[in-house]
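Here's the letter readout for the chains.
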Amino acid sequence: MAAPTYDKADLERRMHGAVEALKHDLGGLRTGRANISLLDPVTVEVYGSQMPINQVATVSAPEPRMLSVQVWDKSNVGSVDKAIRSAGLGLNPIMDGQTLRLPIPDLTEERRKELAKLASQYAEKARIAVRNVRRDGNDNLKTDEKKHLISEDERKRAETEVQKLTDSTIAEIDAAASAKEKEILGK
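Quick caveat: nothing in here was measured; it's all calculated off a predicted structure.

## Overview of the sheet that holds strand β4 (residues 66-71)
Line of reasoning, step 1. The strand order across the open sheet built from four strands is β3-β4-β6-β5, with neighbouring strands paired in antiparallel fashion. Across the chains shown, the open sheet's two edge strands, defined by having one partner strand only, are β3 (57-63) and β5 (94-96). Pairs of neighbouring strands in the sheet enclose a mean axial angle of 25°, with direction left out of account.
Line of reasoning, step 2. As paired elements, β3 and β4 share five bridges and run antiparallel to each other.

## With respect to the environment of Gln163
Line of reasoning, step 1. You can see Gln163 is positioned in helix α4 (residues 152-185).
Line of reasoning, step 2. Residue classification places Gln163 among the partly exposed positions, given a relative accessible area of 30%.
Line of reasoning, step 3. For the pair Gln163 and Asp73, spaced 90 residues apart in sequence, the C-alpha to C-alpha distance is 52 Å.

## Things to note about the packing of helix α1 (residues 8-27) against α4
Line of reasoning, step 1. Running from amino to carboxyl end, α1 crosses α4 at an angle of 10°, the nearest separation of the two axes being 10 Å. Overall, the two elements α1 and α4 adopt an arrangement that is roughly parallel. Across the interface between the two elements, Lys8, Leu11, Glu12, Met15, Val19, Leu22, Lys23, Leu26 and Gly27 of α1 pack against Glu161, Val162, Leu165, Thr166, Thr169, Glu172, Ile173, Ala176, Ala177 and Lys180 of α4.
Line of reasoning, step 2. Grouping the constituent residues of the contact of α1 with α4 by class yields ten nonpolar, three polar and six charged.

## Comments concerning the environment of Tyr47
Line of reasoning, step 1. On the secondary structure map, Tyr47 appears in the loop between β1 (43-46) and β2 (49-52).
Line of reasoning, step 2. In this structure Tyr47 comes out as exposed when scored by relative accessible area, which is 59%.
Line of reasoning, step 3. Sequence-wise, Tyr47 and Asn76 are 29 residues apart; in three dimensions their C-alpha atoms are separated by 8.9 Å.
Line of reasoning, step 4. Those residues in contact with Tyr47 that sit more than four places away from it in its chain are Asp73 and Asn76.
Line of reasoning, step 5. Separated by 2.7 Å, the side chains of Tyr47 and Asp73 make a polar contact.
Line of reasoning, step 6. Separated by 3.1 Å, the side chains of Tyr47 and Asn76 make a polar contact.

## Here we look at the layout of surface pockets
Where empty space is left becomes clear once a probe the size of a water molecule has been rolled over the atoms.
Line of reasoning, step 1. When its volume is computed, the largest pocket comes out at roughly 220 Å³.
Line of reasoning, step 2. Lining the largest pocket are 14 residues, with Asp25, Gly28, Leu29, Pro41 and Tyr122 sitting closest to its centre.
Line of reasoning, step 3. For the lining of the largest pocket, the secondary-structure elements that each account for two or more residues are α1 and α3 (109-146).
Line of reasoning, step 4. Broken down by element, the residue count for the lining of the largest pocket peaks at four residues, all from α3.

## Section: the pattern of salt bridges
Line of reasoning, step 1. Tallied over the full model, the rule gives 16 salt bridges.
Line of reasoning, step 2. Measuring nitrogen to oxygen at the nearest pair gives 2.9 Å for the salt bridge that ties Arg101 to Asp96.
Line of reasoning, step 3. Among the ionic pairs, Glu159 bridges to Arg155, the shortest N-O distance being 3.0 Å. Note that Glu159 and Arg155 are positioned in helix α4 at a spacing of four residues, about one turn of the helix.
Line of reasoning, step 4. Its relative accessible area of 13% is what places Arg155 among the buried residues.
Line of reasoning, step 5. Taken together, the salt bridges that share partners define one network made up of Asp10, Arg13, Arg14, Arg135 and Asp136.

Cut-offs applied
Residues numbered from 1 in each chain as written. Predicted model: local features only at pLDDT ≥ 70, side-chain atom pairs only at ≥ 80, totals over all residues. Heavy atoms only, no water. Pairing = 2+ DSSP bridges. Helix = DSSP H or I, 4+ residues; strand = E, 2+ residues; numbered from the N terminus. Axes fitted to C-alpha atoms, helices over the stretch in contact; angles between N-to-C directions. Buried < 20%, exposed > 50% of the residue type's maximum accessible area, 1.4 Å probe, protein only. Parallel < 35°, antiparallel > 145°, perpendicular 65-115°, else oblique. Contact = heavy atoms within 4.5 Å. Nonpolar A, V, L, I, M, F, W, Y, C, P; charged D, E, K, R; others polar. Polar contact = N/O pair within 3.5 Å; in protein donor to acceptor, adjacent residues only side chain to side chain. 1 Å grid on protein atoms, 1.4 Å probe; cavity = no way out; pocket = protein on both sides within 12 Å on 5 of 7 lines; lining within 4 Å. Points joined across faces, edges and corners; volume = space filled by probe spheres on them. Salt bridge = Lys/Arg side-chain N within 4 Å of Asp/Glu carboxyl O.

Shown next, in the form of structure tokens:
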């Protein structure tokens with residue numbers, strides 16, 4: 001007898017993954033406060049390859065509106081400076097020996113609205129991912145029913161479970177997104 005294709009634990013894991021990815025994406029949005037995850041998307045060209053900034057320097061937030069990047073190898077300071085400037089984050093590093101100081105500028109109202117819109121796009125992407133997981137789960141249940149591995153009642157009961165899981169995950173996504181939008185808009 002074939003094993004059922006429906007796996008609730010796998011669906012939970014995949015939905016949770018969508019929420020984690022959203023939280024990571026939202027962490028990279030600038031809110032006017034110094035946050036070390038702001039530099040996560042920055043890659044630096046060193047030793048002939050692209051490396052994440054946290055593999056060539058220590059990033060810290062010594063003040064609410066200042067990031068500090070302590071570059072480990074003096075020969076990489078220029079590359080790190082160039083990478084931060086070209087990352088499109090609107091940050092202009094100030095060199096101080098092997099340390100780069102990044103003052104976080106105030107956000108304009110227009111920029112805040114753009115960032116809030118981006119946050120809701122990230123949330124929608126996560127919602128779509130969760131709905132795709134739900135669809136996969138329901139498809140697997142129908143397949144199991146066709147193969148006579150489960151009854152129609154079991155399929156319906158499991159589909160209700162999948163829907164509850166989807167609803168709670170989407171509620172979590174909405175909460176994370178609205179909290180980030182409030183933070184961005186300074187409310």
